[in-house]
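# Analysis of the macromolecular model
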Amino acid sequence: MIVKEVINEELLTLAEVKDILSGIADERREQGLEVAYSFRKALHHAEQFSKISGEKSRELVNKLLELEKMKPVIAIRIADILPQSRDELRSIYAKEKYTLSTEELDQILDYVFTVIE
């Protein structure tokens, strides 16, 4: 498929992608259309690696974006990975020009743990 023009671009979590792809696959099956191999592989990947629902992941991203040193790309990455420790969070921030304090790391982890439960 050749893309001629990008009309809109939006950052999505892997869980949101899973929900969207599942909906498209269900529609195609209802219409009696075949679901392409590459589409099935993408859906399988999203199902295998997304750990929470699309709603919960978007909720987490919105909470994270309220923090001072949070970029949308990093918030999406945190919602996809769901880090469990400060070291995992530090590795996400490794390429940034700043480091987070222990309190900031703990606040992010608190958000992650509340969404997981």
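So, here's what we can say about the structure. Along each chain, residues carry numbers from 1 onward, in the same order as the chain's sequence is written. Only residues with pLDDT of at least 70 are given local features in this predicted model, and only at 80 or more are side-chain atom pairs given and counted; all residues enter the totals for whole chains, interfaces and linings. Only hydrogens and water are removed before side-chain values are computed, so all heavy atoms of the structure are retained for them.

Further remarks concern the overall build of the chain. Helix and strand definitions follow DSSP, with helices as H or I runs of at least four residues and strands as E runs of at least two, each counted in order from the N terminus. Per the secondary structure count, the chain includes six helices and zero strands. Taken from the N to the C terminus, the helices and strands of the chain come in the order α-α-α-α-α-α. Based on C-alpha atoms, the radius of gyration is set beside the globule rule, defined as 2.2 Å times the residue count to the power 0.38. The C-alpha radius of gyration of the chain comes to 17 Å, more than 25% above the 13 Å expected for a compact globule of 117 residues. Taken along the three principal axes of its C-alpha coordinates, the chain extends 55 × 35 × 20 Å. Note on exposure labels: buried denotes an accessible area under 20% of the residue type's maximum, exposed denotes more than 50%, and partly exposed covers the range between, all computed with a 1.4 Å probe on protein chains only. Counting across all 117 residues of the chain, residues that qualify as buried make up 32%. For the charge count, each Lys or Arg is scored as positive and each Asp or Glu as negative, with His and the chain ends excluded. Throughout, a charge is located at the NZ atom of Lys, the CZ atom of Arg, the CG atom of Asp or the CD atom of Glu. Across the chain, the mean location of the 17 positive side-chain charges is 6 Å away from that of the 23 negative side-chain charges.

Bringing helix H1 (residues 14-30) into the picture now. An expected span of 1.5 Å times one less than the residue number is assigned to each helix. Between its terminal C-alpha atoms H1 stretches 24 Å, which fits the 24 Å expected from 17 residues at 1.5 Å a residue. Of all the positions in H1, only Ala 15, Glu 16, Lys 18, Leu 21 and Ala 25 are classed as buried. Gly 32, located one to two residues past H1, shows a positive phi value of around 80°.

Counting 22 residues, the largest nonpolar core has Leu 60, Leu 64, Met 70, Ile 78, Tyr 93 and Ile 108 as the members making the most contacts within it. If you list the elements that add at least two residues to this core, you get helix H3 (54-65), helix H4 (72-81), helix H5 (86-92) and helix H6 (102-116). Ranked by residue count, the leading element in this core is H6, at six residues. For our purposes a nonpolar core is just a set of buried Ala, Val, Leu, Ile, Met, Phe, Trp, Tyr and Cys residues, chained together by side-chain atoms within 4.5 Å. In terms of nonpolar packing, the next biggest core, distinct from the first, is built from five residues, Leu 21, Ala 25, Val 35 and Leu 43 among them.

Only the six-membered ring of Trp is used, alongside the rings of Phe and Tyr, when aromatic pairs are assigned; centres must lie within 6.5 Å, and planes under 30 degrees apart are stacked while those over 60 apart are edge-to-face, with the rest tilted. Here the structure, examined in full by the defined rule, presents one aromatic pair. Stacked on the ring of Phe 39, the Lys or Arg Arg 28 has its end atom at 5.7 Å from the ring centre. Two thresholds decide whether a charge sits over a ring: the Lys NZ or Arg CZ must be within 6 Å of the ring centre and within 35 degrees of the ring normal.

Our focus in this paragraph is unusual backbone geometry. For Leu 82, which is not a glycine, the phi torsion comes out positive at approximately 50°. You can see Leu 82 is positioned in the loop between H4 and H5.

Before going further, it helps to spend a moment on the environment of Tyr 111. As for its position among the elements, Tyr 111 is in helix H6. Tyr 111 sits 79 residues away from Gly 32 along the chain, and the two C-alpha atoms are 42 Å apart.

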